[in-house]
Amino acid sequence: MAVSIRSIGTAVPPTIIRQDDVREIFATQAGLGRLGQRIVGAAFGASAIETRHTVVDELDRRPREGEPTFYDAASNEILRPGTGARNQVYTDRSPQLFLDAAHAALAAAPDLGPDDVTHVISVSCTGFFAPGPDYLLVRGLGLSPSTRRHHLGFMGCYGAFPALAAARDFCLADPEAVVLVVCAELCTLHLRSSDDPDSIVASSVFADGAAAAVVTARPAPSGSVVLDLDVLETVLTPVGETDMAWTIGDLGFDMVLSSYVPQIIELHIDSALAPLFEAGGVGVGDVDLWAVHPGGRSILDRVQQQLGLTDAHLAPSRDVLRDYGNMSSATVLFILADLLAGPPAPSQRVGAMAFGPGLTVETALMTRRAVS
């Protein structure tokens with residue numbers, strides 16, 4: 001029995017920031033040392049990002065009435081709001097992103113509607129509130145009050161994968177199940193000015209966005225293009241626990257993303273993929289399309305080099321990085337949405353992966369196929 005991603009919807013905040021503009025803001029902060037200025041220039045310049053979306057509307061540098069919270073355009077000062085103030089913006093702004101992505105995913109599966117949804121899985125690591133995103137999705141979409149709800153939090157960039165794995169399990173247990181997976185991240189709430197290299201790198205890549213997937217084993221209409229969830233695996237690398245981490249501080253969430261992460265991924269990507277390829281009975285050369293989470297440009301470069309992938313294989317990941325940045329758990333669904341949206345074609349094998357705290361490597365094999 002095939003369990004498939006039937007549709008994917010995405011949503012982003014309306015405020016767009018250009019990478020050159022944000023680099024100028026961070027590079028000209030009064031308390032930044034000369035070394036910090038050089039690191040800002042290097043990190044932002046090498047990011048391969050052109051634009052990002054943010055709920056921190058003040059970063060558009062337009063004059064506003066009232067006291068600023070995150071950035072004072074008049075003085076060009078990045079402010080230091082506390083964790084409570086940052087989380088309040090998450091509570092205020094994330095619900096609409098969760099709902100917009102979910103509406104888009106359901107609209108893209110015309111034979112399925114809110115009445116068909118049996119399970120909701122929400123994913124986020126950039127804020128907290130209760131009743132949480134799973135609850136607001138049931139209420140906001142008009143789902144049955146008996147809809148089974150689950151929330152996966154604090155997993156970071158790989159969070160979509162355990163959500164998809166759980167959705168697949170639900171559908172294997174009940175072939176009539178329809179699972180709505182929704183990831184929403186407001187990473188830019190936690191940006192700050194600092195001389196710390198990890199903080200600077202985080203400020204140069206993270207962005208805000210949401211994505212939702214409808215997962216089911218129900219037969220799709222003829223002519224549909226679906227992504228069958230064939231195999232999902234997870235591996236912990238033997239090193240890297242302290243090189244990628246995410247903790248709560250007094251001035252927001254503190255992201256550790258050390259310069260060693262790309263090297264760790266390069267050294268261990270083959271062994272991390274081995275269980276996936278063994279379970280799927282394939283090798284790297286059998287995979288037609290790739291969705292690699294763009295944690296940063298250097299991560300994509302190392303994965304491409306180590307696996308011997310072509311520029312065409314990495315193009316969908318690099319396109320999302322260029323236009324949206326790293327939206328944590330939602331990002332890989334943006335890439336899969338691009339792959340799903342292409343024209344019908346003969347069956348193609350899809351490889352997907354993401355990396356997160358631990359260092360955790362989550363992987364998946366899928367089959368992109370047109371339903372006859």
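Notes on the structure follow.

Reading the values: the criteria
Residues numbered from 1 in each chain as written. Predicted model: local features only at pLDDT ≥ 70, side-chain atom pairs only at ≥ 80, totals over all residues. Heavy atoms only, no water. Helix = DSSP H or I, 4+ residues; strand = E, 2+ residues; numbered from the N terminus. Rg over C-alpha atoms; globule rule 2.2 N^0.38 Å. Buried < 20%, exposed > 50% of the residue type's maximum accessible area, 1.4 Å probe, protein only. Contact = heavy atoms within 4.5 Å. Areas by Shrake-Rupley, 256 points an atom, 1.4 Å probe, with all protein chains shown as cover. Lys, Arg positive; Asp, Glu negative; His and termini not counted. Charge placed at Lys NZ, Arg CZ, Asp CG, Glu CD. Axes fitted to C-alpha atoms, helices over the stretch in contact; angles between N-to-C directions. Parallel < 35°, antiparallel > 145°, perpendicular 65-115°, else oblique. Left-handed = near helix turned anticlockwise from the far one by under 90°. Nonpolar A, V, L, I, M, F, W, Y, C, P; charged D, E, K, R; others polar. Expected span 1.5 Å × (residues − 1). Polar contact = N/O pair within 3.5 Å; in protein donor to acceptor, adjacent residues only side chain to side chain. Phe/Tyr/Trp six-rings, centres within 6.5 Å; stacked < 30°, edge-to-face > 60°. Salt bridge = Lys/Arg side-chain N within 4 Å of Asp/Glu carboxyl O. Core = buried A, V, L, I, M, F, W, Y, C linked by side-chain atoms within 4.5 Å. Pairing = 2+ DSSP bridges.

**Looking at the overall build of the protein chain**
In terms of regular secondary structure, the protein chain is built from ten helices and 15 strands. Relative to the 2.2 N^0.38 estimate, which gives 21 Å for 372 residues, the radius of gyration of the protein chain is 20 Å and therefore close to what a compact globule would have. Viewed in the frame of its principal axes, the protein chain has a C-alpha envelope of about 60 × 45 × 35 Å. A buried classification covers 55% of the 372 residues belonging to the protein chain. The contacts in the protein chain between residues at least 6 apart in sequence include a share of 78% that link residues at least 24 apart. Of the roughly 14,900 Å² of accessible surface on the protein chain, 51% is carried by carbon and sulfur atoms. For the protein chain, the centre of its 25 positive side-chain charges and the centre of its 43 negative side-chain charges are spaced 3 Å apart.

**Digging into the packing of helix α9 (residues 311-324) against helix α10 (residues 331-340)**
The N-to-C vectors of α9 and α10 enclose an angle of 125°; their axes lie 9 Å apart at closest approach. As summarised for this structure, α9 and α10 are arranged oblique, according to the angle between their axes. Crossing hand, α9 versus α10: right-handed. Of the residues in α10, those touching α9 at Pro316, Ser317, Val320 and Tyr324 are Thr331, Phe334, Ile335, Asp338 and Leu339. In terms of residue class, the contact of α9 with α10 is made up of six nonpolar, two polar and one charged.

**Considering helix α5 (residues 160-173)**
Across its 14 residues, α5 extends 20 Å between first and last C-alpha, which sits within 8% of the 20 Å expected from 1.5 Å per residue. Turning to α5, its buried residues number three or more, namely Ala160, Phe161, Pro162, Ala163, Leu164, Ala167 and Cys171.

**Some words on the side chain of histidine 190**
If you trace the backbone, histidine 190 turns up in the loop between β8 (178-186) and α6 (197-205). On the basis of relative accessible area, histidine 190 is assigned to the buried category, the value being 8%. Within polar-contact distance, the side chain of histidine 190 engages the backbone oxygen of threonine 126 at 2.9 Å. Engagement of the side chain of histidine 190 in a polar contact is seen with the backbone nitrogen of phenylalanine 253, the distance being 3.0 Å. Excluding residues within four positions of it along the chain, histidine 190 makes contact with Arg86, Thr126, Gly252 and Phe253.

**Observations concerning unusual backbone geometry**
With the exception of glycine, most residues fall at negative phi, and the peptide bonds are largely trans. Geometrically, the link from alanine 130 to proline 131 is a cis peptide bond, its omega value of -5° lying close to zero. For proline 131, the location among the structural elements is in the loop between β6 (119-124) and α4 (133-141). Backbone torsion omega between glycine 358 and leucine 359 reads 0°, so that peptide bond is classified as cis. Mapped onto the elements of the fold, leucine 359 is located in the loop between β14 (348-356) and β15 (360-370). Although it is not a glycine, arginine 61 adopts a positive phi angle of roughly 70°. On the secondary structure map, arginine 61 appears in the loop between β3 (51-54) and β4 (71-72). Judged by relative accessible area, arginine 61 falls into the partly exposed class, the value being 29%. The phi torsion at serine 328 lies on the positive side, around 55°, for a residue other than glycine. By secondary structure assignment, the location of serine 328 is in the loop between α9 and α10. Among the residues examined, serine 328 registers a relative accessible area of 3% and is labelled buried.

**Description of the packing of aromatic side chains**
Two aromatic rings, taken as a pair, are described by how far apart their centres are and by the angle between their planes. Here the structure, examined in full by the defined rule, presents six aromatic pairs. Cluster of aromatic residues (ring-pair linked, three or more members): Phe128, Phe154 and Phe253.

**Focus on the pattern of salt bridges**
Tallied over the entire structure, the rule returns 14 salt bridges. Note that aspartate 228 and arginine 369 form a salt bridge whose closest N and O atoms lie 2.5 Å from each other. Of this pair, aspartate 228 sits in strand β10 (residues 225-236) while arginine 369 sits in strand β15, placing them 141 residues apart in sequence. Using a relative accessible area of 7% as the deciding quantity, one classes aspartate 228 as buried. Arginine 322 is paired through a salt bridge with aspartate 319; the nearest N and O atoms lie 3.1 Å apart. In this pair, arginine 322 and aspartate 319 are both assigned in helix α9, three residues apart and thus about one turn of the helix distant. Salt bridges here are not isolated pairs; linked through shared partners, they connect Asp116, Glu176 and Arg218.

**Some remarks on the nonpolar core**
Core analysis: the biggest nonpolar cluster contains 45 residues, and Leu137, Leu141, Leu180, Val182 and Leu189 have the highest contact counts within it. Only α1 (19-27), α2 (34-45), α3 (83-107), α4, β8 and β9 (208-216) provide two or more residues apiece to this core. In contact with leucine 137, not counting residues within four places along its chain, are Phe98, Leu99, Ala102, Val120, Ser122, Leu143 and Val182. Grouped together as the second largest cluster of nonpolar side chains are 43 residues, Ala160, Cys171, Leu336 and Ala337 included.

**Comments concerning the pairing of β9**
Burial of β9 is extensive: nine of the nine residues sit out of reach of the surface. Side chains Asp208, Ala210, Ala212, Val214 and Thr216 project from β9 onto one buried face, and the interleaved Gly209, Ala211, Ala213 and Val215 project onto a second face that is buried too. Bridge count for strand β1 (residues 4-11) against β9 is seven bridges, and the pairing is antiparallel. Across the sheet, the residue bridging to glycine 9 is alanine 212, located in β9.

Don't take any of this as a statement about function, it's just geometry.
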